[in-house]
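# An overview of the molecular structure
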Amino acid sequence: MAESYDIFISYSNKDRQIVHKYAKFLEDYGYKVWYDVKGLYGGAKFAGVIADAIEASKLFVFFSSENSNKSEWTKGEIFLAQKFGKQILPVRLDDSDYEKSVMIVLLPLQYIVCKNGVSPGALDELQNAINKFIGEPPKRKELSDKKKITKRRWVKPSLWLSGFLSLFFAFFMMVVSGEYMINVSLSLFSMTITSFLCFLACLYIVFLDQKWNERTMTINLVYLLGMTFFLSYSIMAFGLCYISYEVFSLNYPSIICAVISIYALIKLMNYKKIGYFILWICVFLFSAGSYWWLMHSIIAPIIIAVIGSVCMLVLTGLLKQRYNDISMWSKLS
């Protein structure tokens, strides 16, 4: 066979707008890709061309969608790929089921989900999956678009903000808790440790969080704000526990709620809808718990419930803001 390919892409012509973006990305990355660029290979006249291209490819990538799962041509391409012993990678563009006749071929296979449009995260996931099947392309192309995808945004401003938030919330929690009036040296030590650990957590988010570039910068700043708030609360409240057992018994429920809030925030920022619902539960727990923590004051639960609800409604609005024509809310699973 005269020409060989790294990847054969099978898709419905109705999905060409999105699929061609993925194909172009793979070509720019350095792979040699065969796909029906202009939608010309739909007739029996070109069946031999398609069969030769599948046979000449290392990997068969099937973009599964409602359209492609109804297509007789994509079904035939899948059977040809199986006949030629090709590795098959399904890429799900939506939640539609595979066509029944190809389920026996596709259901056992590991797939990736790219159902929220072409985003940096989806491109990286596709690239990583293909690398596992056939490795890096022989001549990898590092184009400017790829560099823009991997370059982290707003690093310096985020670090300055992280430092400010870490110091501010550590000091704020020390003052609000009244710890400095009980034990000055312990409170100053706790504040120093708190600000340091909060800043370390922010460093991890800014430099290592894989979803940093996918989220809007507003959501990223909310992430830093929420992390420093709940983490500083947890650490400062934990510091109070060393004063006496009575203080510990009073504070440990709120510490648990704060830790759960951190867990929920991390889940939400990784596109897990369960994190969003847990945060609402934490608003209720903090509101109800404050009645006991603050000596049966009825004012405190009302204030905390109102503030917590307003914060969650603002967060909901931010999650529904669109970035690259896609909202983070639509990507939650």
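Preceding this paragraph is the structure being described.
The following refers to the structure shown. (Residues numbered from 1 in each chain as written. Predicted model: local features only at pLDDT ≥ 70, side-chain atom pairs only at ≥ 80, totals over all residues. Heavy atoms only, no water.)

## A look at helix α1 (residues 16–29)
Here α1 contains 14 residues, and its C-alpha end-to-end distance of 19 Å stays within 8% of the 20 Å for a straight helix at 1.5 Å per residue. Listed in full, the buried residues belonging to α1 are Val19, His20, Tyr22, Ala23, Phe25, Leu26, Asp28 and Tyr29. Where α1 ends, the next residue or the one after it, Gly30, has phi of about 125 degrees, a positive value. (Helix = DSSP H or I, 4+ residues; strand = E, 2+ residues; numbered from the N terminus. Expected span 1.5 Å × (residues − 1). Buried < 20%, exposed > 50% of the residue type's maximum accessible area, 1.4 Å probe, protein only.)

## Points about the packing of helix α7 (residues 155–177) against helix α9 (residues 184–208)
Running from N to C, α7 and α9 cross one another at 155 degrees; their axes reach a closest spacing of 8 Å. The angle between α7 and α9 places the two elements in the roughly antiparallel class. The two elements α7 and α9 cross, and the hand of that crossing is right-handed. Contact residues: α7 offers Val155, Ser158, Leu159, Ser162, Gly163, Ser166, Leu167, Ala170, Phe171 and Met174, while α9 offers Ser187, Leu188, Met191, Thr194, Ser195, Cys198, Phe199, Cys202, Leu203, Val206 and Phe207. Here the residues of the contact of α7 with α9 are counted per class, giving 14 nonpolar, seven polar and no charged. (Axes fitted to C-alpha atoms, helices over the stretch in contact; angles between N-to-C directions. Parallel < 35°, antiparallel > 145°, perpendicular 65-115°, else oblique. Left-handed = near helix turned anticlockwise from the far one by under 90°. Contact = heavy atoms within 4.5 Å. Nonpolar A, V, L, I, M, F, W, Y, C, P; charged D, E, K, R; others polar.)

## Comments concerning the packing of helix α2 (residues 47–55) against helix α3 (residues 72–83)
Running from amino to carboxyl end, α2 crosses α3 at an angle of 40 degrees, the nearest separation of the two axes being 10 Å. Regarding the angle of α2 to α3, the classification is oblique. At the point where α2 passes α3, the crossing takes the right-handed sense. Each of Ala47, Ile50, Ala51 and Ile54 in α2 lies in contact with α3, whose residues at this interface are Trp73, Glu77, Leu80 and Ala81. Split by residue class, the contact of α2 with α3 holds seven nonpolar, no polar and one charged.

## Here's the deal with the pattern of salt bridges
Taken as a whole and assessed by the stated rule, the structure comprises five salt bridges. Measuring nitrogen to oxygen at the nearest pair gives 3.4 Å for the salt bridge that ties Asp6 to Lys58. Taken as a pair, Asp6 in strand β1 (residues 5–10) and Lys58 in strand β3 (residues 57–64) lie far apart in primary sequence, 52 residues in all. Classification of Lys58 by relative accessible area gives partly exposed; the value is 45%. Across the pair Asp28 and Lys24 runs a salt bridge, and its minimum N-O distance is 2.9 Å. Taken together, the residues span about one helical turn, with Asp28 and Lys24 both in helix α1 at a distance of four residues. Exposure remark for Lys24: the relative accessible area of 44% places this residue in the partly exposed category. (Salt bridge = Lys/Arg side-chain N within 4 Å of Asp/Glu carboxyl O.)

## Brief notes about helix α13 (residues 299–319)
If you check α13, its first and last C-alpha atoms are 30 Å apart, about what 21 residues at 1.5 Å a residue would give, namely 30 Å. When α13 is considered as a whole, its buried residues turn out to be Ala300, Pro301, Gly308, Met312, Leu315, Thr316, Leu318 and Leu319. End-on view of α13: buried residues confined to an arc of 155 degrees, all on one side of the axis. When the buried face of α13 is taken as reference, the exposed residues oriented beyond 90 degrees from it are Ile299, Ile302 and Leu313. (Arc of directions from axis to C-beta.)

## With respect to the environment of Val175
Positionally, Val175 belongs in helix α7. For Val175 and Ser187, which are twelve residues apart along the polypeptide, the C-alpha to C-alpha distance reads 9.2 Å.

## Digging into the nonpolar core
Note on soluble globular proteins: their nonpolar side chains tend to be buried together. Leu224, Met227, Leu268, Met269 and Leu319 are the most contacted members of the largest nonpolar core, which has 36 residues in total. Elements with a contribution of two residues or more to this core: α7, α9, α10 (217–240), α11 (245–269), α12 (273–293) and α13. In terms of residues, this core owes the most to one element, α10, which gives eight residues. Leave out the neighbours within four places in its chain, and Leu268 touches Gly275, Tyr276, Leu279, Leu315, Leu319, Met328 and Leu332. Within the second largest apolar cluster, 26 residues are counted, among which are Ala23, Leu59, Ala122 and Ile130. (Core = buried A, V, L, I, M, F, W, Y, C linked by side-chain atoms within 4.5 Å.)

## Things to note about a nonpolar patch on the surface
Taken together, the side chains of Ile298, Ile299, Ile302, Ile303, Val306, Ile307, Val310 and Val314 make up a nonpolar region of the molecular surface, amounting to roughly 740 Å² of accessible area. The topology assignment puts Ile299 in helix α13. On the accessibility criterion, Ile299 (52% relative accessible area) is exposed. (Patch = residues over 30% accessible without salt bridge, like charges linked within 9 Å, V, L, I, M, F, W, Y side chains within 5 Å. Areas by Shrake-Rupley, 256 points an atom, 1.4 Å probe, with all protein chains shown as cover.)

## Comments concerning the sheet that holds β1
On the basis of which strands lie adjacent, the open sheet formed by five strands has the order β2-β1-β3-β4-β5 and parallel pairing. Lying at the two open borders of the sheet, with one neighbouring strand each, are β2 (33–34) and β5 (112–113). Across five bridges, β1 lies against β3 in parallel orientation. When the sheet's bridge partners are listed, Ile9 is paired in β3 with Val61. Packing against the sheet, α1 makes contact with β1, β2 and β3, and its axis sits at approximately 175 degrees to β1. (Pairing = 2+ DSSP bridges.)

## Quick word on the packing of aromatic side chains
We describe a pair of aromatic rings using the distance from one ring centre to the other and the angle between the two ring planes. Overall, the coordinates contain 14 aromatic pairs when judged by the stated rule. Judged by centre distance (6.0 Å) and plane angle (15 degrees), the ring pair of Phe168 and Phe172 falls under stacked. Taken together, the residues Phe168 and Phe172, both in helix α7 and four residues apart, mark about one turn of the helix. The exposure class of Phe168 is partly exposed, given its relative accessible area of 39%. Its relative accessible area of 35% is what places Phe172 among the partly exposed residues. A centroid spacing of 5.6 Å and a plane angle of 75 degrees characterise the contact between Tyr276 and Phe277, whose relative ring orientation is edge-to-face. In textbook terms, an aromatic cluster arises when at least three aromatic residues are bridged by ring pairs, as seen for Phe164, Phe168, Phe169, Phe172, Phe229, Phe230, Tyr233 and Phe286. (Phe/Tyr/Trp six-rings, centres within 6.5 Å; stacked < 30°, edge-to-face > 60°.)

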